[in-house]
Amino acid sequence: MSMKEPKVEVGILFEPQIEFVLLAPYRISGKEVSGKQVVTYDEGKILWNGRQYDELLFEPLQESAAAFELLDVTIGINFHWERKEDQRFQGSLKIIVENGKLTGINVIHVEDYLTSVISSEMSATASLELLKAHAVISRSWLLAQIRKNKEIAEAQTDYSAFTQTDEELIRWYDREDHTHFDVCADDHCQRYQGITRASTDIVKQAIAATRGQVLTSEGKICDARFSKCCGGAFEEFQYCWEDIKYPYLAKQRDYKVDSGKLPDLTQETEADRWIRTSPEAFCNTTDKKILSQVLNNYDQETTDFYRWKVEYTQDELSALILKRSGIDYGQIIDLVPIARGTSGRLWKLKIVGTKKTLTIGKELEIRRTLSPSHLYSSAFVVDRTELSEAGIPGRFILTGAGWGHGVGLCQIGAAVMGEQGYGYDAILLHYYIGANIDKLYD
Ligand SMILES: [Zn+2]
Ligand SMILES: [Zn+2]
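Residues numbered from 1 in each chain as written. Chains lettered and ligands numbered in written order. Predicted model: local features only at pLDDT ≥ 70, side-chain atom pairs only at ≥ 80, totals over all residues. Heavy atoms only, no water.

Participant: Break down the overall build of the chain for me, citing the residues and quoting the values.
Facilitator: Helix and strand counts for the chain stand at 9 helices and 24 strands. In terms of overall dimensions, the chain is globule-like: its C-alpha atoms have a radius of gyration of 24 Å, near the 22 Å expected for 442 residues. The principal-axis extent of the C-alpha atoms belonging to the chain is close to 80 × 50 × 40 Å. Taking all 442 residues of the chain together, the buried fraction comes to 51%. Sequence separation of 24 or more characterises 67% of the internal contacts of the chain that already satisfy a separation of 6 or more. Entry remark: accessible area of the chain is about 20,500 Å², with carbon and sulfur atoms responsible for 48%. (Helix = DSSP H or I, 4+ residues; strand = E, 2+ residues; numbered from the N terminus. Rg over C-alpha atoms; globule rule 2.2 N^0.38 Å. Buried < 20%, exposed > 50% of the residue type's maximum accessible area, 1.4 Å probe, protein only. Contact = heavy atoms within 4.5 Å. Areas by Shrake-Rupley, 256 points an atom, 1.4 Å probe, with all protein chains shown as cover.)

Quick look at the structure:
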């Protein structure tokens, strides 16, 4: 597997008009340009300096020294903090026509892209080994995306699917791929702001030390998923998304090799005991110093994610489920576990109401239905109290474990491992069982 360092095409903005400043000389179809430029969508083409084009590519004359600035880039699309800012980038700028608008694309070396992404995603207090592990995961994900876009002949996989009967609604959600570039600059892919903000030295070190390295299995780049906290045991892929079993995303305790056997958490009694207790695990920590490496400031207010509790009154829960699912169950009589995955996460839950009974799944559908935003995880057990004479509970208590889907690397557990002196390769091979770390390019 020997190749040159690839470039990645990042879709940055989608507007009828794009303004940008070339801060050094750039080349376009043999001509040299610099300074402020305006391109406008015009009858299915790009209008630039009074002429129409199908596509424009501005390439720096001297790659190492050049940069350009995109004006008024919208960041945090659909978030409460959505706003516009000018952003600065290295590499080339490509303009294409897409959906009746212009798309501004940054074409940049993979390693430069990763430095920017990891600098903005991870805390500068993270250990070098944790950052190295993250660099390999991000690179694996990115190169798999680029490869997918190159393999045009390969059929695109569905990003969401569901099966529905009178008794069951099982649905899962996965990423939708982009067609005219490899990744977008938003949270949908990985948040990317070019060189607008300075990259941190420790991140540069982590990127350089792992240059070209990705996780592979059976000759293919791994689908290196990760989440905040597994809850003590790894979930398997097929319980969260499509029904595929990946050998490297397998069940295991999130702890030292000699920490004892993982109970079979697909069994209700075992899952009940596991969730109601607090077994030793790498991610079973309340150490603020370690948590701050992985969680941003807002998240740090939450430290009860290894084991957590949520309570609802009957009125709150029935109104919530109606609002979130659009289905009127009437009063909620019970939430019955039907099927759990290897981490104890429910992937089928039966909602029993006075008007309707339905089994829902998979884990994200359950988390969305039972919370105004997302429940921490679907690894929970339910206690009903204040039962009326008719058997309607007045109150529901959900006791849960972990944060996120629990498949692949557990960020809190990995941060603890890094702090305890494990190398990045040991961390990666703990979470991606039997995978290899391969260097794709020098
Ligand atoms: Zn995207
Ligand atoms: Zn964990």
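From this point, the narrative continues.
Participant: So what's going on with the side chain of Ser343? Which residues, and what values?
Facilitator: Mapped onto the elements of the fold, Ser343 is located in the loop between strand S18 (332-340) and strand S19 (346-353). Here Glu235 takes part through its side chain, which lies 2.5 Å from a polar atom of the side chain of Ser343. Excluding its chain neighbours within four sequence positions, the residues that come into contact with Ser343 are Ala233, Phe234, Glu235, Leu265, Trp274 and Ala379. (Polar contact = N/O pair within 3.5 Å; in protein donor to acceptor, adjacent residues only side chain to side chain.)

Participant: Requested: an account of the packing of helix H1 (residues 110-121) against helix H3 (residues 201-209), with residues and values cited.
Facilitator: Running from N to C, H1 and H3 cross one another at 140°; their axes reach a closest spacing of 9 Å. Judged by the angle between their axes, H1 and H3 are oblique. The interaxial crossing formed by H1 with H3 has right-handed handedness. Taken together, the residues of H3 that come into contact with H1 (itself represented by Glu111, Leu114, Thr115, Ile118 and Ser119) are Val203, Lys204 and Ile207. Of the residues assigned to the contact of H1 with H3, the class counts are 4 nonpolar, 2 polar and 2 charged. (Axes fitted to C-alpha atoms, helices over the stretch in contact; angles between N-to-C directions. Parallel < 35°, antiparallel > 145°, perpendicular 65-115°, else oblique. Left-handed = near helix turned anticlockwise from the far one by under 90°. Nonpolar A, V, L, I, M, F, W, Y, C, P; charged D, E, K, R; others polar.)

Participant: Please give an account of the coordination of the zinc ion (ligand 2) that cites residues and values.
Facilitator: Coordination sphere of the zinc ion (ligand 2), protein contribution only: Cys230 (SG), Asp254 (OD), Cys283 (SG) and Cys410 (SG), at 2.1 to 2.3 Å. If you look at the zinc ion (ligand 2), its 4 donor atoms make angles of 102 to 121° with each other, and the shape they trace is tetrahedral. (Donors = N, O, S within 2.8 Å, 3.2 Å for Na, K, Ca; no water. Tetrahedral: all angles 85-135°; square planar, octahedral: opposite > 155°, others 65-115°.)

Participant: Could you give me a rundown of the packing of helix H8 (residues 411-419) against helix H9 (residues 424-431), with the residues and numbers involved?
Facilitator: As a packed pair, H8 and H9 sit with axes 10 Å apart at the nearest point and diverge in direction by 145°. For the pair H8 and H9, the sense of crossing is right-handed. Of the residues in H9, those touching H8 at Gly413, Ala414, Met417 and Gly418 are Ala426, Ile427, His430 and Tyr431. A per-class count over the contact of H8 with H9 returns 5 nonpolar, 3 polar and no charged.

Participant: An account of the packing of aromatic side chains is requested, with residue identities and associated values reported.
Facilitator: This structure, assessed with the given rule, holds 18 aromatic pairs. Linked through ring pairs, Tyr26, Phe68, Phe89, Tyr113 and Tyr192 together constitute an aromatic cluster. A cation over an aromatic ring shows up here: Lys228 above the ring of Trp403, its NZ or CZ 4.7 Å from the ring centre. When the ring centre of Tyr306 is taken as reference, the NZ or CZ atom of Arg307 above it lies at 4.3 Å. (Phe/Tyr/Trp six-rings, centres within 6.5 Å; stacked < 30°, edge-to-face > 60°. Lys NZ or Arg CZ within 6 Å of the ring centre and 35° of its normal.)

Participant: Go over the domain arrangement of the chain with me, naming the residues and quoting the values.
Facilitator: Examined at the domain level, the chain breaks down into domain 1 (7-205) and domain 2 (226-407). Placing the centre of domain 1 and that of domain 2 at their C-alpha centroids yields a distance of 34 Å. At the boundary of domain 1 with domain 2, the tally comes to 8 residue pairs in polar contact (both at pLDDT 80 or more). Looking at the side of domain 1 that touches domain 2, the elements that each hand over two or more residues are helix H2 (128-150) and strand S12 (168-173). For the side of domain 1 that touches domain 2, the element with the most residues is S12, which contributes 6 residues. (Domains from an automatic or database assignment.)

Participant: Account for the coordination of the zinc ion (ligand 1), with residues named and values stated.
Facilitator: Protein coordination of the zinc ion (ligand 1) is provided by His178 (NE2), Cys184 (SG), His188 (ND1) and Cys189 (SG), with donor distances spanning 2.0 to 2.4 Å. All donors of the zinc ion (ligand 1) belong to a single chain; written as a sequence motif, their spacing is H-x5-C-x3-H-C. Separated by 11 residues along the polypeptide, His178 in the loop between S12 and strand S13 (183-184) and Cys189 in the loop between S13 and H3 bring together distant segments of the chain. On the accessibility criterion, His178 (17% relative accessible area) is buried. The class for Cys189 is buried, based on a relative accessible area of 11%.

Participant: Tell me about the side chain of Glu15, and please be specific about residues and values.
Facilitator: Topologically, Glu15 is positioned in strand S1 (residues 7-15). Buried charged residue Glu15 carries no salt bridge. Nearest counter-charge: Lys84, at 4.2 Å. Contacts of Glu15, omitting those with residues within four sequence positions, involve Thr74, Lys84, Lys101 and Leu102. (Lys, Arg positive; Asp, Glu negative; His and termini not counted. Salt bridge = Lys/Arg side-chain N within 4 Å of Asp/Glu carboxyl O.)

Participant: Describe the environment of Lys309, and please don't skip the residues or the numbers.
Facilitator: Position of Lys309 relative to the elements: it lies in strand S17 (residues 307-313). By relative accessible area, Lys309 is classed as exposed at 56%. Sequence separation of Lys309 and Thr286 is 23 residues, and the distance between their C-alpha atoms is 16 Å. In this structure Lys309 touches Ile397, Leu398 and Thr399, once residues within four positions along its chain are discounted. Within the local environment of Lys309, its side chain forms a polar contact with the side chain of Thr399, the two groups lying 3.2 Å apart.

Participant: An account of the sheet that holds strand S21 (residues 380-385) is needed here, citing residue identities and associated values.
Facilitator: Sheet architecture is open: 3 strands sit in the order S17-S22-S21, paired in antiparallel fashion. Two strands lie at the open edges of the sheet, namely S17 and S21, each paired on one side alone. Recorded for the sheet is a direction-independent mean angle of 20° between the axes of neighbouring strands. In terms of strand pairing, S21 meets strand S22 (residues 395-401) through 6 bridges, oriented antiparallel. Pairing of Thr385 across the sheet is with Arg395, part of S22. Packing of helix H4 (residues 268-276) onto the sheet brings it into contact with S17, S21 and S22, and relative to S21 it is tilted by some 85°. In this fold helix H6 (residues 314-325) packs onto S17 and S22, with an angle of close to 95° to the strand it touches most, S17. (Pairing = 2+ DSSP bridges.)

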